[in-house]
Protein chains: 4
Amino acid sequence: MQKRDREATRTRLLEAARLRFAREGYDATSVRDIARDSGVDATLIFRYFGSKKQLFDQATATAHSPDLLEGPQEELVARMVATIVDHDWTEYGGEHPLVAMLRSSAHEDARQRIRQEVCDTYVIALRDLAKGQDAELRAELLSAWMVGIGILRSVVATPALAEARAADLAPHIASVATDLLGRPMSGTVDQSRSEGESDQT
Amino acid sequence: MQKRDREATRTRLLEAARLRFAREGYDATSVRDIARDSGVDATLIFRYFGSKKQLFDQATATAHSPDLLEGPQEELVARMVATIVDHDWTEYGGEHPLVAMLRSSAHEDARQRIRQEVCDTYVIALRDLAKGQDAELRAELLSAWMVGIGILRSVVATPALAEARAADLAPHIASVATDLLGRPMSGTVDQSRSEGESDQT
Amino acid sequence: MQKRDREATRTRLLEAARLRFAREGYDATSVRDIARDSGVDATLIFRYFGSKKQLFDQATATAHSPDLLEGPQEELVARMVATIVDHDWTEYGGEHPLVAMLRSSAHEDARQRIRQEVCDTYVIALRDLAKGQDAELRAELLSAWMVGIGILRSVVATPALAEARAADLAPHIASVATDLLGRPMSGTVDQSRSEGESDQT
Amino acid sequence: MQKRDREATRTRLLEAARLRFAREGYDATSVRDIARDSGVDATLIFRYFGSKKQLFDQATATAHSPDLLEGPQEELVARMVATIVDHDWTEYGGEHPLVAMLRSSAHEDARQRIRQEVCDTYVIALRDLAKGQDAELRAELLSAWMVGIGILRSVVATPALAEARAADLAPHIASVATDLLGRPMSGTVDQSRSEGESDQT
DNA sequence: GATGAATGAGTATTCATTCAT
DNA sequence: CATGAATGAATACTCATTCAT
């Protein structure tokens, strides 16, 4: 029931859209649902965003994740895991946005966005670290693990992973990452930096 | 003859449903799509299965995967990878059924089915092999990897993994599996057994 | 409230569509209007015709006019006038279909249909009769007169033309037609043939 | 300056409305279209004109046609034809306003305006010239021809008429007009007057 | 038992219009 | 006075599902 504040309305619509699209996927979400959640008229969605798809794009485009490249290299994988495991991602319904987006992966657009996000924030960053022969493949294998952990945690909710904190995974992370990247990797993030890591925007 | 026809129609509907649900997800698939694909009247779906949801349940219930438990224990993970990487899964639109099902994971039913499939065919089997303290967690971490590999291969289609065959992954599989399970694991499946793996259509 | 008779429903929809489209034009007519007029559910329109536009095409395609070419040549123009003036065109809301269609002439499709109808049933038939130099132009000028008479009669409803019967126009028709075509034309249709002229199908 | 702007905006809105309504008809034209064309906010339309319909009325009321009564009587019909054929009517999208208005003739208001325009500027002027018995009818028949010519030229676009200039039609105009009015009529307008005919924008 | 006509609630989107700032 | 945020009814069209024949 907020009124006459374009920016506020836009923001509320984006937040509601983010949540719905994450939880139910593109198809199962109706613009009316989003409007109802936001307490605004559905037609404003078209005034502000043009179409359902454009709203989807804008709602999911902004990658609200912390910058993984900030910090020591040997903690990169640990930071990734922390982002997946310790972050609560309430704005995306409690799931890592990448995982949530898989729900809309029937649409080529969403697929493309997933692709880009995975490559940009995981594969490329890891490939730069990997030593030796098939660096690309090993970077992808490690990326796959990150994504898989996110999925088992939130959509499958397997008992141990669902409860685990990044700290519990640290030793395994360290050894597998070290193994796959061919260089020593840490399983935990240094305390002095970790505080900046969980404050989402 | 009557009976045969009925059964044949049911089968055709299930196959078409499987493919559509896998490719487009539950919501984007209409019963008329499935009926058209099968060349039968849409109302038969309701006669035979009761509702769209029940058809979905039946179409996705039958896990058409080869039995992973058959064969030597140290090749279990290799068999899993082969199932994900070397199998073409044409009946599910070219994606591992687990991956395809993620597309419908907004629906609790589908989620439940994913959960069960992951637990039954991955986590439990791996947990039985894991040695030492946090066996469950390590089994889940390895399961997560399997799922992640499936996703990066087919939905994200990262360059190296999309092209890779199980053989290319063998050394990495072996070392990570060995590491996580705490016992020596092989990265490849023995030839003499491998033939039973791909003969199903 | 008729029920379970596909053909009857289709026909009722077409009739209602014809009337609405004629009276109100394409844009001002909603598929719900047509459905309500027909007493059937609006979705049947899409089942049977695919879209509003296709319904429009089918409703307006069938030129329910008597064959103007049947009969003596010197009575051709008289037959045209009779078709416009003496025919009541109740199925098109009391207007000649050509005139009614002008209401939808913002749409290129309708325009094209008008063009074809005018050329096929007026210009070409008259051009074949015209003697001398600029036969095409004179045929078109006479066609223009036919169309103009239809418009003044029904949409403008000028007092004299609105009330006039073909017989009242006969002498003027004869002299102008004779003049423009360069050959003797009759203003009236022979009685023995005229009966077949006003029974519409 | 304020006043000037307001007046200028009103004028721009009227011009844009005139063009849109002529080209697309009342229903297919949205107030936002008109506002966008004019480069002003849509709500100004309601401030200035009250409603879409009132804007339509005002936009189409002003008959921007040259005064047909000025000039020698025997050239009246020739002047009418020139107005239809030689005038380019860019402000109405290239069609004679009467013809354009037919597109909106589902609305009684537009119909009324057409009626009035046809009667005032054609029928009455011609009736005053007609000699003999059924003067009214003959005046209307000649008016019908004028309107028909306009329609075939612009909406139907028959080949010969679409290209023709008033001069090409002159002989036929002269003979038919003479015939129908019962008095000698010229097919062309005298040069010395013709200049006043096209100077309006 | 099977065909397909019917239905009603749902979809995204656009409309003319109002009202707060 | 003017901008533009808000509104609610309407649009064409699709959906899963039922029911008469």
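Being a predicted model, the structure only gives us computed values, none of them experimental.

1. Remarks on the interface of chain D and chain C
Many descriptions give the size of an interface as the accessible area lost when the pieces come together. Each side of the interface is counted separately: chain D has 45 residues, and chain C has 46 residues. For the chain D and chain C pair, buried surface summed over both sides reaches about 3,700 Å², with 70% attributable to carbon and sulfur atoms. Its largest share of buried area at the contact with chain C, chain D owes to D:R103, D:L141 and D:H172, together 15% of the area lost on that side. Measuring nitrogen to oxygen at the nearest pair gives 3.3 Å for the salt bridge that ties C:E95 to D:R111. In this structure, the connection of chain D to chain C is made through 18 residue pairs in polar contact (both at pLDDT 80 or more).

2. A closer look at the interface of chain A and chain B
The interface is formed by 46 residues belonging to chain A together with 45 residues belonging to chain B. Of the roughly 3,700 Å² buried where chain A meets chain B, counting both sides, 69% is carbon and sulfur surface. Counting the contacts that link chain A with chain B gives two salt bridges. Linking chain A to chain B there are 18 residue pairs in polar contact (both at pLDDT 80 or more). At the level of secondary structure, the elements contributing two or more residues to the side of chain A that touches chain B comprise helix 1 (6–28), helix 7 (108–127), helix 8 (135–156), helix 9 (159–163) and helix 10 (166–181) of chain A. Classifying every residue of the side of chain A that touches chain B gives 25 nonpolar, eight polar and 13 charged.

3. Considerations on the relation of the copies chain D and chain C
If you rotate chain D by 179 degrees and push it 0.1 Å along the axis, it lands on chain C with an RMSD of 0.3 Å. Here the two chains are linked by the operation of a two-fold rotation axis. Taking the C-alpha atom as reference, chain D places D:G148 closest to the rotation axis, 1.9 Å from it. Both copies present the same face, since 100% of the interface residues in chain D are matched by interface residues at the equivalent positions in chain C.

4. Some words on the side chain of D:T83
Residue and element names in this part refer to chain D. One can find T83 in helix 5 (residues 76–85). Here the side chain of T83 touches R79 through a polar contact of 2.7 Å, landing on its backbone oxygen. Those residues in contact with T83 that sit more than four places away from it in its chain are P66, L68, W89 and H96.

5. A look at the UniProt feature "DNA-binding region" (unreviewed entry) in chain A
Within this numbering scheme, the UniProt entry marks residues 30–49 of chain A as carrying the feature "DNA-binding region" (unreviewed entry). Helix makes up 75% of residues 30–49 of chain A and strand 0%, and the two end C-alpha atoms of the span are 14 Å apart.

6. What to know about the protein's contact with DNA strand F
Surveying the vicinity of DNA strand F reveals 31 residues, the closest of which are A:R4, A:R6, A:T43, A:Y48 and C:K52. Atoms of DNA strand F within 4 Å of the protein belong to the sugar or the phosphate in 51% of instances, the rest to bases. Contact between DNA strand F and A:R47: a phosphate oxygen at 3.5 Å from a side-chain N or O atom of the residue. A distance of 3.4 Å separates a base nitrogen of DNA strand F from a polar side-chain atom of D:D41. Residue assignment for the surface near DNA strand F shows that the elements contributing at least two residues are helix 1 and helix 3 (43–49) of chain A, helix 2 (31–38) and helix 3 (43–49) of chain B, helix 2 (31–38) and helix 3 (43–49) of chain C together with helix 3 (43–49) of chain D. The greatest single-element share of the surface near DNA strand F, amounting to four residues, is contributed by helix 3 of chain A. Across the surface near DNA strand F, the residue classes tally to six nonpolar, 11 polar and 14 charged.

7. Quick notes on the nonpolar core
A:I151 and B:I151 are the most contacted members of the largest nonpolar core, which has 126 residues in total. Beyond its immediate chain neighbours, meaning those up to four positions away, A:I151 contacts A:V99, A:L102, A:V156, A:A157, B:L102, B:V147 and B:I151. With 125 residues, the next largest nonpolar core counts D:I34, D:A59, D:V85 and D:L137 among its residues.

The rules we used
Residues numbered from 1 in each chain as written. Chains lettered and ligands numbered in written order. Predicted model: local features only at pLDDT ≥ 70, side-chain atom pairs only at ≥ 80, totals over all residues. Heavy atoms only, no water. Contact = heavy atoms within 4.5 Å. Buried area = accessible area lost by both parts, 1.4 Å probe. Salt bridge = Lys/Arg side-chain N within 4 Å of Asp/Glu carboxyl O. Polar contact = N/O pair within 3.5 Å; in protein donor to acceptor, adjacent residues only side chain to side chain. Helix = DSSP H or I, 4+ residues; strand = E, 2+ residues; numbered from the N terminus. Nonpolar A, V, L, I, M, F, W, Y, C, P; charged D, E, K, R; others polar. Least-squares fit on C-alpha atoms with pLDDT ≥ 70 in both. UniProt positions renumbered as here; feature names shortened; annotations may be inferred. Near = heavy atom within 4 Å. Core = buried A, V, L, I, M, F, W, Y, C linked by side-chain atoms within 4.5 Å. Buried < 20%, exposed > 50% of the residue type's maximum accessible area, 1.4 Å probe, protein only.

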